[in-house]
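Given next are the chains, with one letter for each unit.
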Amino acid sequence: MGDSDTTSPATPAADAPPRALNDALKADIRAAYAKLQANTPGFSTRRSQSAMIGLVSRALATSGGIGIAEAPTGVGKSLAYLTAGVPIALATKKKLVISTGTVALQSQLFERDIPAFLAATGLDARVALAKGRTRYLCTRNAAELHAEHSQGTMLLEGAGPDEGGDYERQLYDRPLAPHEVDAARRLLEAHADRQWDGDLDTSPEPVSPALRTRITTPASSCAGRRCSFAQQCPVLRVRTTVREAQIVVTNHALLLSSLAMGDIENGQPLLAPPGDMLLVLDEGHHVANVAIDQGAARLPLADMAKRTSRMQILIAGSYRLVDKEKIGTLLPGEAIELASRVSKGLKAFQLDVDRVWQPEPGDRDPMWRAPLGRLPDDWADAIEVLGEDTRALFNWVHAAQQAVARNKQDDPAREKLQRSLGMALEMVEQQHELWAGWRREDREGAPPMARWVTATRDGDLALHCSPVSAAHVLRTLLWKEIDSVVMTSATLTGGGDFQSFAIDTGLPDHAETASLPSPFDLPNQAQLVVPQFPVAPDDREGHPKAVAEWLARELDWKKGSMVLFTSRWKMEKVAELMPASRRGAIQVQSSGNKSQVVAAHLERVAAGKGSVLFGLNSFGEGLDLPGEACTTVVITQVPFAVPTDPQTATLGEWLEARGQNPFNLIAIPHALRTLTQFAGRLIRTSTDTGRVVILDSRLLNRRYGKRILDALPPFKRVIG
């Protein structure tokens, strides 16, 4: 369905025959389903769920199998892929990896759905949850932080500035506040007393972003089993569990990064060898964006120039500890000169950018974008030099880190230096990835990289690059490498046509696809209302005012409702314009805790007071509010992709240059998928009723309106 000439099914290991769905596997799957049905209170047979079990069975039981299932709310997606996937994984001795787009679904699967499925079916499987390192406490960092502050100094005894202490301290944005240091101490004590397992998602203390940075460790700074705190390490404990598990629940970002980097520890892959993995991608509509983010890079010029110039402390400490004339191919003076040259080059490049672009005063989001990803010719020489020097610096830091790790000296100085080198490696790698993206020749016939510059709030210039399509990444990492793959979501297509999805994801032609019908009686349970709204969404002042007036007049304020916005500014403006008598019933999504806003909404509805949630995209996708909690969903405008977004704009230019229509190929499919997600907030059970209202008259007076309306769920239409 995608570019079939560059994609072929994953091939099984040379000594393993190709797998296929045989009678024995079919019997195992039927037995699991029968037990699930018999032992699950209230279980009802659903035609769409049965169809999905068949699709998942065919995909996961076949070498190179790929199955794509668009399954709306109520189908029972997780039970469908567990019913097929677990028996196949156990019978074939493959590892079932289930990847999600959100922490909420990860937790639901690990804590509720999978244990309930295993209990009902009587199947026995080891289950583990895999998350990134920075979601776990680093006991070494927390202990050092506690020691530093209890001694009244920023350096551990025996770890002088030449060994990396000063460099590490300078990388942090600000010193920790006393209450943050106290929180770190209490977390360390809770972990030592076995009252907490070190998972920061379930932290007994609030963890600020600054504190999280100090008490976690990325892969580049981790000493692994050589660390003196290895026996107490939550990450090593969890990863041992992951490797021994037969079912692993993870997230898309960790999955793709581990596949891209070949994340290996102690000679073993983090999740499973790709050829031994049966992969289920739930919330699959997130996968393309996560893949694009994996290939993106960002370089803030002034900040990186400052941090790179400070590396001379680290360089001197490294040569002193390893006691060698050269690290890699460089003498001490050559390494210091290299870091200085990179730092000066970054500062000079700011002047090159200034000659091409300067932000307009008062611009809220200043940005310059390279047309079709083509950078100015005048920048080419500087980019080439910085690219080569940064690569050389990256190679030196990598060599230094390995040399320090091999050093026999086992004291806090070596560990602190090794961690500082890890932080430096991450910093230099960030620069290297940006210059690699800016130097790379775009492939003939393929969309170019997006390349752009932004101005940060503190006046720095940040350079960016990003793929504009996930197709190449997913072809390389998933479709070609994983033994078998299933992807599912309530919204993959918008309207059931997989063409746009196949192009976006590079889906191979042999993939089996299905858009399954809802098990609910949608025409009789819900209405889709599109009124003749008097003001267009692009009227910056008039549209919020008209929305506020409509809400005050038309909502049932005695029940639960949700109003979804595409921008925070408009959401807050409408909230401000609401009559004072209604404001107490409105719960506005803030940058804080989403669950607290939802809890306040549910509490008011339960008390019969009525409540209205004002939310953005994350509310339009992830909330489950059945019954009276949500009887009306108001969508304030069609959620088209922002045309000035650099990736969208670059891809649009490329399509136009090839005689294609980017609005039809990008904007409308994106809007359809998002609208379908938003509309899916309304009907969560077979007894729910209500209406979805779209306050956007463009659906009535633009040519694309009918296409969008026809593709939305089959609610009863009330149009005009």
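Throughout this description, residue numbers start from 1 for each chain and increase along the sequence as written. Selection of residues for local features in this predicted model requires a pLDDT of at least 70, selection of side-chain atom pairs for listing and counting requires 80 or more, and totals for whole chains, interfaces and linings are taken over all residues. Excluded from the side-chain calculation are hydrogens and water; included are all heavy atoms of the structure.

Caption draft 1: View of the overall build of the protein chain. Broken down by element type, the protein chain carries 28 helices and 20 strands. Put simply, the radius of gyration uses C-alpha atoms, and a globule should come to 2.2 Å times the residue count raised to 0.38. Compactness check: the protein chain gives a C-alpha radius of gyration of 27 Å against a globular reference of 27 Å for 720 residues, within 12% of the reference. In terms of overall dimensions, the protein chain has a C-alpha envelope of 80 × 65 × 55 Å along the principal axes. In the protein chain, which comprises 720 residues, the share counted as buried stands at 54%. The criterion used for residue contact is that any of the two residues' heavy atoms lie within 4.5 Å. Contacts in the protein chain between residues at least 24 apart in sequence constitute 80% of all its contacts with a sequence separation of at least 6. Of the roughly 32,100 Å² that the protein chain leaves accessible, carbon and sulfur atoms contribute 50%. Taken as two groups, the 81 positive and 84 negative side-chain charges of the protein chain have centres that lie 4 Å from each other. A run of H or I in DSSP becomes a helix once it reaches four residues, and a run of E becomes a strand once it reaches two; helices and strands are each numbered from the N terminus. Remark: exposure states derive from per-residue accessible area (1.4 Å probe, protein chains only) relative to the maximum for the residue type, with buried under 20%, exposed over 50%, and partly exposed in between. Accessible surface is estimated by sampling points in the Shrake-Rupley manner with a 1.4 Å probe; for residues, cover comes only from the protein chains shown. His is not counted here, nor are the chain ends, while Lys and Arg score as positive and Asp and Glu score as negative. A single reference atom marks each charge: NZ on Lys, CZ on Arg, CG on Asp, CD on Glu.

Caption draft 2: Geometry of helix α13 (residues 311-322). Its 12 residues place the ends of α13 17 Å apart at the C-alpha level, agreeing with the 16 Å of an ideal helix rising 1.5 Å per residue. Taken together, the buried positions of α13 are occupied by M311, L314, I315, G317, S318, Y319, L321 and V322. At the exit of α13 stands D323, carrying a positive phi of roughly 55°. What a helix is expected to span follows from its residue count: subtract one and scale by 1.5 Å.

Caption draft 3: Representation of the pairing of strand β4 (residues 247-251) in the model. Within β4, five of the five residues are buried, which leaves it mostly tucked inside the rest of the structure. Of the two faces of β4, both are covered, the one formed by I247, V249 and N251 as well as the one formed by V248 and T250. Here, strands pair whenever DSSP counts at least two bridges between them. When strand β2 (residues 95-100) meets β4, the two strands line up parallel, connected through five bridges. Residue T100 lies in a different strand from β4, and its bridge partner there is N251.

Caption draft 4: Region of the structure containing the packing of aromatic side chains. Between 30 and 60 degrees the pair is tilted, below 30 it is stacked and above 60 it is edge-to-face, where a pair is any two Phe, Tyr or Trp rings, Trp via its six-membered ring, whose centres lie within 6.5 Å. Under the definition given, this model contains 13 aromatic pairs. Between F663 and Y704, the aromatic rings sit 5.2 Å apart at their centres with planes inclined by 55°, giving tilted as the arrangement. Taken together, the positions of F663 in helix α26 (residues 662-679) and Y704 in helix α28 (residues 704-711) put the pair 41 residues apart, joining distant regions of the chain. The partly exposed category is assigned to F663, whose relative accessible area is 33%.

Caption draft 5: Here's a closer look at the side chain of S257. As for its placement among the helices and strands, S257 is situated in helix α10 (residues 252-261). A polar contact of 3.1 Å, which involves the side chain of S257, links it to the backbone oxygen of L254. Side-chain atoms alone can form a polar contact between residues adjacent in sequence; in general such a contact is a pair of N or O atoms within 3.5 Å, and within protein one must be able to donate a hydrogen while the other accepts it.

Caption draft 6: Local environment of the nonpolar core. Among the nonpolar cores identified, the biggest contains 50 residues, and M311, L346, F349, W396, W435, W438 and L463 are the most heavily contacted of them. Taken together, the elements giving at least two residues each to this core come down to β8 (297-300), α12 (301-309), α13, α14 (332-356), α15 (380-406), α16 (412-439), β10 (450-455) and β11 (461-466). Looking at this core element by element, the count peaks at 10 residues for α15. If we ignore the near neighbours within four places in the chain, the residues touching L346 are L299, L301, M304, A305, T308, L386, Q431 and W435. The set of buried Ala, Val, Leu, Ile, Met, Phe, Trp, Tyr and Cys residues whose side-chain atoms join them within 4.5 Å is what this entry labels a nonpolar core. Counting 44 residues, the second largest nonpolar core, distinct from the first, contains I68, V235, V242 and L477.

Caption draft 7: How the structure looks around the environment of H432. Relative to the elements of secondary structure, H432 occurs in helix α16. Separated by 42 residues in the primary sequence, H432 and T390 have C-alpha atoms spaced 5.7 Å apart. Once you skip the residues sitting within four places of it in the chain, H432 turns out to touch T390 and R391.

Caption draft 8: Broad picture of unusual backbone geometry. Here the phi dihedral of E283 falls at roughly 50°; this positive angle occurs in a residue that is not glycine. A relative accessible area of 13% means that E283 is categorised as buried. In the Ramachandran plot, D323 falls in the positive-phi region, its phi being about 55° despite a non-glycine side chain. One can find D323 in the loop between α13 and α14. Of the residues examined, D323 reaches a relative accessible area of 67% and is grouped as exposed.

Caption draft 9: Representation of the sheet that holds strand β9 (residues 367-369) within the structure. If you trace the four strands from one edge of the open sheet to the other, you get β8-β11-β10-β9, paired in antiparallel fashion. Of all strands in the sheet, those bounded by a partner on one side alone are β8 and β9. Across this sheet, the average inter-strand angle for adjacent strands is 20°, counted without regard to direction. In terms of strand pairing, β8 meets β11 through four bridges, oriented antiparallel. The residue of β11 that forms the bridge with P300 is A462. To obtain each axis, a line is fitted to C-alpha atoms, and for helices this fit is confined to the stretch in contact; angles are then taken between N-to-C directions over 0 to 180 degrees. α12 contacts β8 and β11 of the sheet and is inclined by roughly 75° relative to β8.

Caption draft 10: Region of interest: the packing of α12 against α14. Interhelical geometry of α12 versus α14 gives an angle of 165° and a closest axis separation of 8 Å. Considering the angle they form, α12 stands roughly antiparallel to α14. You can see that α12 and α14 cross each other, and the crossing is left-handed. Side by side, α12 and α14 meet where L301, A302, M304, A305, T308 and S309 of the first sit next to A339, V342, S343, L346, K347, F349 and Q350 of the second. Its residues assigned to classes, the contact of α12 with α14 comprises eight nonpolar, four polar and one charged. Each angle gets one of four labels, with under 35 degrees taken as roughly parallel, over 145 as roughly antiparallel, 65 to 115 as roughly perpendicular, and the rest as oblique. Each crossing is labelled by how the near helix is turned from the far one, with a counterclockwise turn of less than a right angle marking it left-handed and a clockwise turn marking it right-handed. Each residue gets one of three labels, nonpolar for Ala, Val, Leu, Ile, Met, Phe, Trp, Tyr, Cys and Pro, charged for Asp, Glu, Lys and Arg, and polar for the others, Gly among them.

Caption draft 11: Highlighting the sheet that holds strand β20 (residues 716-719). Here seven strands make up an open sheet; going across it, the order is β16-β17-β15-β18-β19-β14-β20 and the pairing parallel. Two strands lie at the open edges of the sheet, namely β16 (586-588) and β20, each paired on one side alone. With direction set aside, neighbouring strand axes in the sheet form an average angle of 15°. Here strand β15 (residues 560-564) pairs with strand β17 (residues 611-615) via five bridges, running parallel. When the bridges of β17 are listed, V563 appears paired with F614.

Caption draft 12: Broad picture of the environment of T505. Tracing the sequence through the fold places T505 in helix α18 (residues 499-505). Among the residues examined, T505 registers a relative accessible area of 3% and is labelled buried. Remark: the alpha-carbon pair of T505 and M304, spanning 201 residues in sequence, is separated by 34 Å. With residues near it in sequence (within four places) discarded, T505 still touches A471, L474 and W479.

Caption draft 13: Region of the structure containing the side chain of T390. Within the secondary structure, T390 sits in helix α15. For T390, the residues in contact, after removing those within four places along its chain, are V342, V428, Q431, H432 and W435.

Caption draft 14: The arrangement of the confidence of the model for the protein chain in detail. Here the protein chain shows a mean pLDDT of 89. Residues at 70 or above account for 92%. Per-residue pLDDT stays below 50 along residues 1-9; that stretch engages in 27 contacts with residues further than four places along the chain or on separate chains. Per-residue pLDDT stays below 50 along residues 153-163; that stretch engages in 33 contacts with residues further than four places along the chain or on separate chains. A residue's pLDDT is the predictor's confidence in that residue, given on a scale from 0 to 100.

Caption draft 15: Representation of helix α17 (residues 471-479) in the model. Summarising burial for α17: seven of the nine residues are buried, a large majority. Buried within α17 are the following residues: A471, V473, L474, R475, L477, L478 and W479. Next to the buried residues of α17 lie β1 (66-70), α10, β7 (277-281), α11 (287-294), β12 (484-489) and α18.

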